[in-house]
Each structure stands twice: as structure tokens, then as C-alpha cells.
Amino acid sequence: MLPDLLSACLGLILFCWFVSAEPLRFKDGKFRIAQFTDLHYGEDEFTPWGPIQDKNSDHVMHSVLTAETPDFVLFTGDTLTGNNIDSNATSYWKYVLSPCLQHNTPWAHVFGNHDDLSQEKGDRVTLMQYDQTFNLSYSVMGPKSLFGVSNYFLPIYGEHSDKVEAVIYALDSGGGNVDEQVTQEQINWLVTSYHINLNVYGPVPSILTFHIPSPEFEELFNKVECTGYLNNTVLPLASKGLYETILSLPNVHLVTTGHYHENDYCCPTKNKLLCQGRHSGYGGYSTIARGSRIIQLEKDKLQTWIRMENKDVLDHLVLKYD
């Protein structure tokens, strides 16, 4: 338990060191998040269609940011198709951030299985360090003792107080130049961080994000009434105990993932919603229209819906906290 405690404390220190001095805050009793997942910029930079689909992905983000005016953006992996990028991953990374910069919307990143495959300047640490050079970035370099890089949590404060009213947790599910997995050490860190925050902040509503879901998400989809689609089979992920751990954390009310481009389901279980983000980018395979999962945290409930590129709204769900 002591190493887990030290790891969680290190995560808090890293949070204080790297994150912008201005805390994330509720506004008018709400905190709205836009999830952009699987943008896949740089899919093919040497052909005419590659840059065109990147511009189309720009349009998705601008459309969502204009329609929703979110307080925060979560990039939940495969932001780049790094294996198709020669040596300019950070240039593409800045390109991806342009809509957030233009809308003055802060963000944080979780890595996927394609982000870190560029030939140079494209590993997870380099990309995270580059991301943190932007004032609007709230991405955190997680504890070095853990697998991956994007393992961290972000507290969200009250509008006019120093009281934390919600927490965002992030895990790195690997892939690319590292194994696709969530390790037992990461799960232990999540549990320990959760309980430390429970003692410090109280039972505040929380969400969890990582890129690759485990097969239990599909099993749940086949058991209960869900919104959205599950068109791509959810393959095995080395993550023993993760799903059970998620169910055991009562204040984690929503989990959202990416990876499977033609899934955008959201399923209820144990006062939680287990969800997949809508494919946001024109890079990568997909036959469905693009959009973004919106997550709105409130004092007594959580809401989520899909905002489409054409401004339509789909699959609105409301979860009242127990």
C-alpha cells in the first residue's frame, strides 16, 4: 500500500507542477466536456486526400466547439496516425490543437495506439512534453513508476470557491510502441488516488477515460438497453481487474473510451454509464458520420449526448447520482 500511496502523491505533485496555474472550474453549476477521439491526423501526408481529411477533421472540431462552447476538451487517443508521419509529429500535434487555441478552450490528452509511431519526435514523452508547452494544456506526465505516460487526474473546482466538485481520471492503455494493456500497478494507482481524493475532496462525481476498452464493455452492451452503436467487436485487452475495479468505485459515474471507430454506445450499470466516444476524425476507417461525445457534470446529475458535425444531437442520457 505504501508504494501505491507514494505513487498517488507523486501524481498530485506532478499535477501541481505541470498544469496551468488557473484551475478548472464549474460555470453556472455545470462543467461541459467535449470528447474528441480517433482524429488520426497525418493519415497520409504525401497524398492529396490526406491533408483534405485533416481539414475535414478541423471542421468537426470547430463545429462542435461552436455549437457546445465546452469548458474543456478531452482528446482520448489516436490523435495522430504516427506510423504515417515521417518526422514532424509535433507539427501535426500543433495542427490538431488549432481549433482549441482559436476557441480558447483548454484540453488534456490521453494516448492511443497510433500516437507514438512517428519516426522521430513522436514518442509519448516527447509529445506530452510538447503538449505541455501550451498554456491551455492540462495534460499531465503521470508517475514514472507506472506503465505508459497519460496516467493522471484533474480536479475541477467550484465556480467561486476552492472546493473540488469533480475529478477527471485518465489511464494510458498503451499500444503503438508499447503493449496494449492496463497493468495491475495502474489499477492500484487509480484505486489509491480515488481513495486519497475521497478523503480530501469528499464523494465528488468523477469520470474516467482511457483509449482502448475491454471486452466487458461489449458484454454489457449485449445485456442491457444502451444508446448508440456497437458495430466493431471489442477485442481482448490485457487489463485483468480493470472492469471490476471501475464497478467498485461508486463516485466514478462515467467511463468513456475510443479506439473502435464505428462504436458510440453508452450503457448503464451500477449508477454508471460506460461509453464510447463518437469517431471525431476523418482519418481512420469509418462509415458513420463524425461527431463528439459531450459530457456535462452537474451537482446532482451527469448528462451525456452526441453532438454531430452537422449540429444534430443524438442519444441524450441523464444519470442522477445516488
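Owing to the predicted nature of the structure, the values given are computational and were not obtained by experimental measurement.

Engineer: Where do I start with the pattern of salt bridges in this structure?
Structural biologist: A side chain with one charge may pair with a side chain of the opposite charge, provided their charged atoms come close. The full count for this structure, using the stated rule, is 9 salt bridges. The closest approach of N and O atoms between Asp172 and Arg124, which form a salt bridge, is 3.0 Å. With Asp172 in the loop between β6 (164-170) and α5 (184-201) and Arg124 in helix α4 (residues 124-131), this pair connects stretches of sequence that are 48 residues apart. The shortest N-O distance in the salt bridge between Asp300 and Lys301 comes to 3.9 Å. Classification of Asp300 by relative accessible area gives partly exposed; the value is 47%. Taking the relative accessible area as the measure of exposure, Lys301 reaches 21% and is therefore partly exposed.

Engineer: Sorry, what's going on with the sheet that holds strand β11 (residues 291-298) here?
Structural biologist: Strand pairs in the sheet, formed through backbone hydrogen bonds, run parallel or antiparallel to each other. The strand order across the open sheet built from 6 strands is β4-β3-β2-β11-β12-β13, with neighbouring strands paired in mixed fashion. At either end of the open sheet lies a strand with only one pairing partner, and these are β4 (107-110) and β13 (313-320). Taken pair by pair, the neighbouring strands of this sheet meet at an average axis angle of 20°, ignoring direction. When strand β2 (residues 30-36) meets β11, the two strands line up antiparallel, connected through 6 bridges. Note that in β11 the partner of Phe31 across the bridge is Leu297. Taken strand by strand, helix α3 (residues 89-103) contacts β3 (72-76) and β4, and its axis lies near 145° from that of β4.

Engineer: Help me understand the nonpolar core, please; the structure alone is not making it clear to me.
Structural biologist: Taken as a class, soluble globular proteins show a tendency for nonpolar side chains to be buried jointly. Counting residues in each nonpolar core, the largest one holds 32 residues, and the members touching the most others are Leu171, Leu208, Phe210 and Val255. Contributing elements (two or more residues each) for this core: β5 (152-157), β6, α5, α6 (216-221), α7 (242-248) and β8 (252-257). Every residue in contact with Val255, bar those within four places of it in the chain, is listed here: Leu208, Phe210, Phe217, Ile246, Leu273, Leu274 and Cys275. Within the second largest apolar cluster, 27 residues are counted, among which are Phe36, Trp93, Phe111 and Phe134.

Criteria and cut-off values
- Residues numbered from 1 in each chain as written.
- Predicted model: local features only at pLDDT ≥ 70, side-chain atom pairs only at ≥ 80, totals over all residues.
- Heavy atoms only, no water.
- Salt bridge = Lys/Arg side-chain N within 4 Å of Asp/Glu carboxyl O.
- Helix = DSSP H or I, 4+ residues; strand = E, 2+ residues; numbered from the N terminus.
- Buried < 20%, exposed > 50% of the residue type's maximum accessible area, 1.4 Å probe, protein only.
- Pairing = 2+ DSSP bridges.
- Axes fitted to C-alpha atoms, helices over the stretch in contact; angles between N-to-C directions.
- Contact = heavy atoms within 4.5 Å.
- Core = buried A, V, L, I, M, F, W, Y, C linked by side-chain atoms within 4.5 Å.

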